[in-house]
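What the coordinates show
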Amino acid sequence: GEIPRPTVDLLIHSDQDVLIAGTPWGSSEALKLLSDTVREFLSVSIGDQEATSPFAKLPGLSSLENNLRTAILIANDKIFQRCNKEAYSSSCEAVILHTQNSQVAWVQVGQPHILLLRKDKLFPLQVTVDLSVDFHVPAPLPSRLIGLERAWDLEVRSLVLAEEDSLILLARSLIPPTFFNQKLSNDSPEKTID
């Protein structure tokens, strides 16, 4: 069988409609820095749409997406400077979800996978492959981590959610085929997870 991944921490900042599902690698300092930085930046940007940022806003992204992108870039820079500039000591994989009304924007760096359960159908929104596939080992080996590099490719995505939609975050190197072949129900997403 598959060796379990390290624990995924769920950090919820309800005042900013933010959920972070993160797995620390090394010390947990990087995940705490990520959470604190995202929370700080979004609290300022929500109250002040003209808040200055060290990163340019991208014209193709909504304000929700731009704010999330900027928060993650600032967090990445802080983690790199404090934890990994001289030698690697702390990093994390994470999915960061930020909602506003019915829109959800997200950034995924490593796991967990993001799946949408809509009208009893399962849609993979973003799935990542970790290095355990390359090395043919059952243990999880992250392929992307926050804070290891100063500059990196960051993709922000978004979706308008319907009221009955559910998002599933699944942290596993291998998704069993039976997961997609089961009877799904928006009424009980917990049963889908089981």
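Please refer to the structure higher up on the page.
Residues numbered from 1 in each chain as written. Predicted model: local features only at pLDDT ≥ 70, side-chain atom pairs only at ≥ 80, totals over all residues. Heavy atoms only, no water.

Turning our eyes to something else, we now look at the sheet that holds strand E1 (residues 9-13). Strand order across the open sheet formed by five strands is E1-E2-E3-E4-E7, with antiparallel pairing between neighbours. Each edge of the sheet is formed by a strand with only one pairing partner; in this case those strands are E1 and strand E7 (156-160). On average, each strand axis in the sheet is inclined to that of its neighbour by 20°, with strand direction left out of account. Bridge count between E1 and strand E2 (residues 18-26): five bridges; the pairing is antiparallel. Counted as the bridge partner of Asp9 is Gly22 from E2. Its contacts with the sheet put helix H2 (residues 63-84) on strand E3 (90-100), strand E4 (103-109) and E7, and the angle it makes with E3 is roughly 165°. (Pairing = 2+ DSSP bridges. Helix = DSSP H or I, 4+ residues; strand = E, 2+ residues; numbered from the N terminus. Axes fitted to C-alpha atoms, helices over the stretch in contact; angles between N-to-C directions. Contact = heavy atoms within 4.5 Å.)

Another point: a nonpolar patch on the surface. Side chains of Phe135, Val137 and Leu141 sit close together on the surface and give an oily, nonpolar patch of about 250 Å² of accessible area. Note on placement: Phe135 falls in helix H3 (residues 132-135). (Patch = residues over 30% accessible without salt bridge, like charges linked within 9 Å, V, L, I, M, F, W, Y side chains within 5 Å. Areas by Shrake-Rupley, 256 points an atom, 1.4 Å probe, with all protein chains shown as cover. Salt bridge = Lys/Arg side-chain N within 4 Å of Asp/Glu carboxyl O.)

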